[in-house]
Amino acid sequence: MGFACGIVGLPNVGKSTLFNAITAAGAEVANYPFCTIDPNVGIVPVPDNRLDRLTQIFRPAKTTPTTLEFLDIAGLVRGANKGEGLGNQFLAHIRNVDAILHIVRCFDDPNIIHVDGTINPKRDIEIVETELILKDLDTLDHRIGETEKRLKSGEKKAKDELPLYAALRTHLATGRLARYHPTHTEEEHYLFRDLHLLSNKPVMYICNVHEKHFSSEPDYIGQVREVAARESAKVVLISAEVEAEVAELPSEERGPFLQELGLQESGLNQVIREGYDLLQLVTFFTVNPKELHAWTVRKGTTAPTAAGVVHTDFEKGFIRAEVMKCSDLDRLGSEAALREHGLLHVHGRDYIVEDGDVMFVRFNV
């Protein structure tokens, strides 16, 4: 199962620089708006120390990490919902991502122009969010029109749908994001999800800062934290320029370089860790002599559904899952030791996969 994060923000806030650093995809970077016309896509392996330990234990021929997909999407400006700049392309691409990484410029640099002339993170966030809301209002107006036509033709179900759409439209018209509108029934939740509203996607704010601000936060970051606190959103501080330098270093030099800056980990690791929490993701593993493979699913995923991520036949013919825990393997050192201690557990179709599970799927098609 692939999970995609869209990197968004105003022009010249550091989106493509950060994208280049975390994906090494070589996207064009330019000091002017709209240099990213089509979304650049990068597949990033997820760092996981457990893979190293499991490789030591099982010694497979190949080890494959799980991945996240990042999309660098064209900069947004006022009026994007009406097609200003590259707005329509931006809004079409963002509809397909699972989460939004909203890059906010939090540094001064006279050599890098700002599309609105001054640095103001709170204003910049409001511009992006307003465009998402306005596009969602267009989506709702279209859906309401279709539903009213169905109602006139005598479809009873349409009568039940209109109140939710009307209430949601009122909510958006006050400037509130769709994700803060409550749903009370399973049917309402389904109708809400079926709209695929842009402002209903989970968001992480990434403050693009100067490296000197890792230890002392300027007011710009405070503005972002204020918005994030109101929305219960996550905030990560990253210097896109530092990440670009780290990406060019040999792997053995990256740790010492970060330590010199007072950092415990790279920005990419921070984004991935917080992104997993934001999207409520867990990692499980499958292993055989040929390959150790990490996989990503959402929390609450059942064993058959997780097995289907590995191969559709595994879900169709699912019989049971034999599960070991990474922590037990790390402590005892082998599958045989776990069996001796009774720590290999057999689960049926209702088992909920947990982070760190090593799963053997038994199936019959």
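A few points on the structure. From a predicted model like this one, the values you see are computed outputs, not experimental measurements. (Residues numbered from 1 in each chain as written. Predicted model: local features only at pLDDT ≥ 70, side-chain atom pairs only at ≥ 80, totals over all residues. Heavy atoms only, no water.)

What follows concerns the pattern of salt bridges. Scanning the model with the defined rule gives 21 salt bridges in all. For the salt bridge of Arg50 with Asp355, the shortest nitrogen-to-oxygen distance reads 3.0 Å. Of the two residues, Arg50 sits in helix H2 (residues 49-58) while Asp355 sits in the loop between strand E11 (345-347) and strand E12 (357-363), which places them 305 residues apart along the sequence. For Arg50, a relative accessible area of 25% gives the class partly exposed. (Salt bridge = Lys/Arg side-chain N within 4 Å of Asp/Glu carboxyl O. Helix = DSSP H or I, 4+ residues; strand = E, 2+ residues; numbered from the N terminus. Buried < 20%, exposed > 50% of the residue type's maximum accessible area, 1.4 Å probe, protein only.)

When you line up the elements, Glu231 lands in helix H7 (residues 219-231). Judged by relative accessible area, which is 6%, Glu231 ranks as buried. In terms of polar contacts, Glu231 uses its side chain to reach the side chain of Tyr205, at 2.7 Å. Ignoring anything within four residues of it in the chain, the contact list for Glu231 reads Glu129, Leu177, Arg179, Tyr180 and Tyr205. (Polar contact = N/O pair within 3.5 Å; in protein donor to acceptor, adjacent residues only side chain to side chain. Contact = heavy atoms within 4.5 Å.)

On the surface, Glu211, Glu241, Glu245 and Glu248 cluster together into a patch of negative charge. One can find Glu241 in helix H8 (residues 240-248). (Patch = residues over 30% accessible without salt bridge, like charges linked within 9 Å, V, L, I, M, F, W, Y side chains within 5 Å. Areas by Shrake-Rupley, 256 points an atom, 1.4 Å probe, with all protein chains shown as cover. Lys, Arg positive; Asp, Glu negative; His and termini not counted. Charge placed at Lys NZ, Arg CZ, Asp CG, Glu CD.)

We now examine unusual backbone geometry. Although it is not a glycine, Asn12 adopts a positive phi angle of roughly 65°. Note that Asn12 resides in the loop between strand E1 (4-8) and helix H1 (15-23). The backbone of Arg59 sits at a positive phi, close to 50°, despite the residue not being glycine. With respect to the helices, strands and loops of the structure, Arg59 is situated in the loop between H2 and strand E3 (62-64). Judged by its relative accessible area of 68%, Arg59 falls in the exposed class.

Among the eight residues of strand E9 (residues 291-298), six are classified as buried, and the element is accordingly described as predominantly covered. Sheet topology places E3 next to E9; three bridges connect them, and they run parallel. Bridging across to E9, Thr63 finds its partner in Leu292. In textbook terms, the turn of a hairpin is the stretch between consecutive antiparallel strands, and for strand E8 (residues 281-287) and E9 this stretch comprises three residues. (Pairing = 2+ DSSP bridges.)

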